Amino acid sequence: KYWIGAAAETARWCSVFAQLYVGGKARGVHAFVVQIRRDEERSSDPNAAQLGARIGGDSMPGVTIADCGDKVGLQGVDNGRIWFDRVEVPRENLLCRFASVDRNGTYKSSLKSADELFARQLGALTGGRVSIAVGAVNQSKLGITIAVRYALSRRAFGPPGAPEVPLMFYQSHQLRLMPPLATTYVMAVAANRLKQLWWNCEDGVPKQVHVLSSGFKALFTWHMRDCLQQCREACGGQGYKSENRIAPIKNDRDVMMTFEGDNSVLLQQVARSLLAEFGAASSSKNPQPEHKSAQDNARPSYSSSLSALGVPCGRKLLSKHLSATQTKTFGPDCDDDKLGSFLLTAFRVRTGVLLDRLARRFRSGMATAESGFNAWNDCLELAAQTARAYVDLLLCDWFWSETARGSVAGMIC
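## Points about the packing of helix H5 (residues 263–283) against helix H10 (residues 380–405)
Working step 1: It is the contact of H5 with H10, at a shortest axis distance of 8 Å, that shows an interaxial angle of 80°. The angle between H5 and H10 places the two elements in the roughly perpendicular class. Between H5, through Leu-267, Gln-268, Val-270, Ala-271 and Leu-274, and H10, the contact on the second element is made entirely by Leu-380, Ala-383, Ala-384, Thr-386, Ala-387, Arg-388 and Tyr-390.
Working step 2: Per-class residue counts for the contact of H5 with H10 are nine nonpolar, two polar and one charged.

Written out as structure tokens, the structure is:
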């Protein structure tokens, strides 16, 4: 296993996920507490410089440990590699919240299947994704704050005979920083709501939170990457100095795009969940309820279902909503409520169109491809576009809800 924190030099114990066999039968992935180093501080062996003999003691029998080497950032984190070869683990070291093995070798589980058990075990990763999504927004806040403050203080050129003007005076500089500032503002509202949903999880992680954390983690970290790069460039040479923080933040946080799940793969998970929900809604005999107006959109529950978001599922509803967006025109004096309602409708239609397209392509692929694997592989780019559209809709819907309730300021801190 690669990139394990504290493994290279110090850790003595770790939790390990492994396939459990009882009586020759595979029972699924379970978690075990495993000792990887002895408890003594230093080895008495004069040849203890061998691989695995570290500050935390010599490695246990069957365990091999090595450093991951130099990294782009996070140099202060002790990342290591661990190999296990026939390591003996006592029965008592099985973490038994969901399953146990008694002294007689009898296996018992409160869950119905190995797949359900695996899903519950991986639920712990959701918390990591929530933290990464929230952290990405916070790093974006930090970068954009530094860049905006610099742009308001740094002066360059100006009208003839007049003092030099701040960088922020220039339209080109505003267009560099204002869009990422606005995007960060919207994402901050969603990130704080995601934290609340996560903390409200009492008995396992619901599917809604898993899907949201996957989608938000992908888009928030990509936004952070692009935002910090724009901020670094907007500060010129000063942005390249470590003491001004933006460049080191970029290096340290670049790993966010890949740990706790590669962003592209996470979007595929979001798309799969949406596809199943879309299929069920499209085949339902009950008509999909009409969505409320933007002004009535203050739903404290923050549901993320397609129905609650007003995504048209089915060709008839899709055509109806599509016609509504195509006939709208707005002048410069249009009020925010009408414009917001139109934008939300446009985001809903976009998500519905992409979902319908994805469903049709996947069904077509299943009819001609040799396997479901190949059929899905042919849909991956469209699946990513669909997942992005869904998350964009969610951000717009949630932010507009807070705006209608007048509580945006309290949701961005």
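Once you've had a look at it, read on.
## Focus: the sheet that holds strand S4 (residues 63–67)
Working step 1: One open sheet holds the three strands; their spatial order is S1-S5-S4, and the pairing between them is antiparallel. Only two strands of the sheet have a single partner each, and these edge strands are strand S1 (4–5) and S4.

## Structural notes on the nonpolar core
Working step 1: With 54 residues, the main nonpolar core has Leu-212, Phe-216, Phe-220, Leu-306, Leu-358, Trp-376 and Tyr-390 as its most contacted residues.
Working step 2: Elements with a minimum of two residues in this core: helix H1 (114–153), helix H2 (171–199), helix H3 (207–234), H5, helix H6 (306–309), helix H8 (336–368), helix H9 (372–377) and H10.
Working step 3: Of all the elements, H10 adds the most residues to this core, at 11 residues.
Working step 4: Setting aside residues no more than four positions away along its own chain, Leu-212 makes contact with Leu-194, Leu-197, Ser-304, Tyr-390, Leu-394 and Trp-398.
Working step 5: Residues Val-16, Phe-32, Leu-94 and Val-101 belong to the second largest nonpolar core, which totals 20 residues.

## A look at the confidence of the model for the chain
Working step 1: For the chain, the mean per-residue pLDDT works out to 85, and 84% of the residues sit at or above 70.
Working step 2: Note that pLDDT drops below 50 for residues 51–55; the model gives that stretch 22 contacts with residues more than four away or on any other chain.
Working step 3: Across residues 292–300, confidence stays below pLDDT 50; counting only partners more than four residues off in sequence or on other chains, it has 22 contacts.

## Some thoughts on a nonpolar patch on the surface
Working step 1: A cluster of nonpolar side chains, Phe-118, Leu-122 and Leu-125, forms an exposed patch at the surface whose accessible area comes to about 220 Å².
Working step 2: Within the secondary structure, Phe-118 is located in helix H1.

What counts as what
Residues numbered from 1 in each chain as written. Predicted model: local features only at pLDDT ≥ 70, side-chain atom pairs only at ≥ 80, totals over all residues. Heavy atoms only, no water. Axes fitted to C-alpha atoms, helices over the stretch in contact; angles between N-to-C directions. Helix = DSSP H or I, 4+ residues; strand = E, 2+ residues; numbered from the N terminus. Parallel < 35°, antiparallel > 145°, perpendicular 65-115°, else oblique. Contact = heavy atoms within 4.5 Å. Nonpolar A, V, L, I, M, F, W, Y, C, P; charged D, E, K, R; others polar. Pairing = 2+ DSSP bridges. Core = buried A, V, L, I, M, F, W, Y, C linked by side-chain atoms within 4.5 Å. Buried < 20%, exposed > 50% of the residue type's maximum accessible area, 1.4 Å probe, protein only. pLDDT = per-residue confidence, 0-100. Patch = residues over 30% accessible without salt bridge, like charges linked within 9 Å, V, L, I, M, F, W, Y side chains within 5 Å. Areas by Shrake-Rupley, 256 points an atom, 1.4 Å probe, with all protein chains shown as cover. Salt bridge = Lys/Arg side-chain N within 4 Å of Asp/Glu carboxyl O.

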